[in-house]
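Chain residues, written in single-letter form:
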Amino acid sequence: MYLFHGSYLEVARPRVDVSARLLDFGSGFYTTTDYEQARRFTERFPRRSKDRIINTYDFHEEPAKEALSIKTFTSADIRWLEYVVANRLGTAQKNDFDLVVGPVANDRVYDVVEAFELGDYTQDEAIRRLLAFKLTDQVVFKTDKSLDYLAFLSSESV
């Protein structure tokens, strides 16, 4: 399976990012199967660089399934919502997942997540609104072990 990572530089040797930023699935190296999503992500770095780079990887999925602890969310359901909210609030419990796969909370989705966090939407209302969105995916490598199944192929300026 091919995965893409949007950045302002070539990332031939990915690392698990343990940043202070509160992201959907916590710390990790974020990728997607959606080239356009990766391209849009490159637009987030105008202060760092004008360069926009899409890195392409080959993910050795079958061997990874046998060797890694993988958490998969097949849709933006209540489990996904609770997991994203906990990560974005910084209250998520430490887990032992090597890899987390599921829908990405883009800006429109984040508005729903934020309204749920603030108590403006019930769980049912938030899920109803989330199901209306066509969500792309994210594949997050959370451990060095998981990165062993990711092979850098190329990078290109966009």
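This text goes with the structure placed above it.
As the structure is a prediction and not an experimental result, all values here were calculated from the model.

1. Here's the deal with the overall build of the protein
Scanning the protein for helices and strands turns up six helices and seven strands. Listing each helix as α and each strand as β along the protein from the N terminus yields β-β-α-β-α-β-α-β-α-α-β-α-β. On C-alpha atoms alone, the protein measures out to a radius of gyration of 16 Å, which is about the 15 Å that the 2.2 N^0.38 rule sets for 158 residues. In terms of overall dimensions, the protein has C-alpha extents of about 45 × 40 × 30 Å along its principal axes. Taking contacts inside the protein between residues at least 6 apart in sequence as the whole, the part at least 24 apart equals 83%. As presented, the protein carries roughly 9200 Å² of accessible surface, and 48% of it is formed by carbon and sulfur atoms. Each charge class in the protein was averaged separately, 21 positive and 26 negative side chains, and the resulting centres sit 4 Å apart.

2. A word on the nonpolar core
Nonpolar side chains tend to gather and get buried jointly when the protein is soluble and globular. Ranked by size, the top nonpolar core spans 21 residues in total, and within it F25, W80, L81, V109 and L130 carry the most contacts. Only α3 (78–89), α4 (107–117) and α5 (123–131) provide two or more residues apiece to this core. It is α3 that provides the largest number of residues to this core, a total of five residues. Ranked by size, the runner-up nonpolar core spans 14 residues in total, among them Y57, L68, L99 and Y149.

3. Notes on the sheet that holds strand β3 (residues 53–59)
Within the open sheet, the three strands sit side by side as β1-β3-β7. Their pairing is antiparallel. If you trace the sheet from one side to the other, it starts and ends with β1 (2–7) and β7 (150–157), each paired once. Between one strand axis and the next, the sheet turns through 25° on average, direction left out of account. Where β3 lies against β7, seven bridges are found, and the strand directions are antiparallel. Its bridge partner lying in β7, D58 is registered against A151.

Definitions and limits used
Residues numbered from 1 in each chain as written. Predicted model: local features only at pLDDT ≥ 70, side-chain atom pairs only at ≥ 80, totals over all residues. Heavy atoms only, no water. Helix = DSSP H or I, 4+ residues; strand = E, 2+ residues; numbered from the N terminus. Rg over C-alpha atoms; globule rule 2.2 N^0.38 Å. Contact = heavy atoms within 4.5 Å. Areas by Shrake-Rupley, 256 points an atom, 1.4 Å probe, with all protein chains shown as cover. Lys, Arg positive; Asp, Glu negative; His and termini not counted. Charge placed at Lys NZ, Arg CZ, Asp CG, Glu CD. Core = buried A, V, L, I, M, F, W, Y, C linked by side-chain atoms within 4.5 Å. Buried < 20%, exposed > 50% of the residue type's maximum accessible area, 1.4 Å probe, protein only. Pairing = 2+ DSSP bridges. Axes fitted to C-alpha atoms, helices over the stretch in contact; angles between N-to-C directions.

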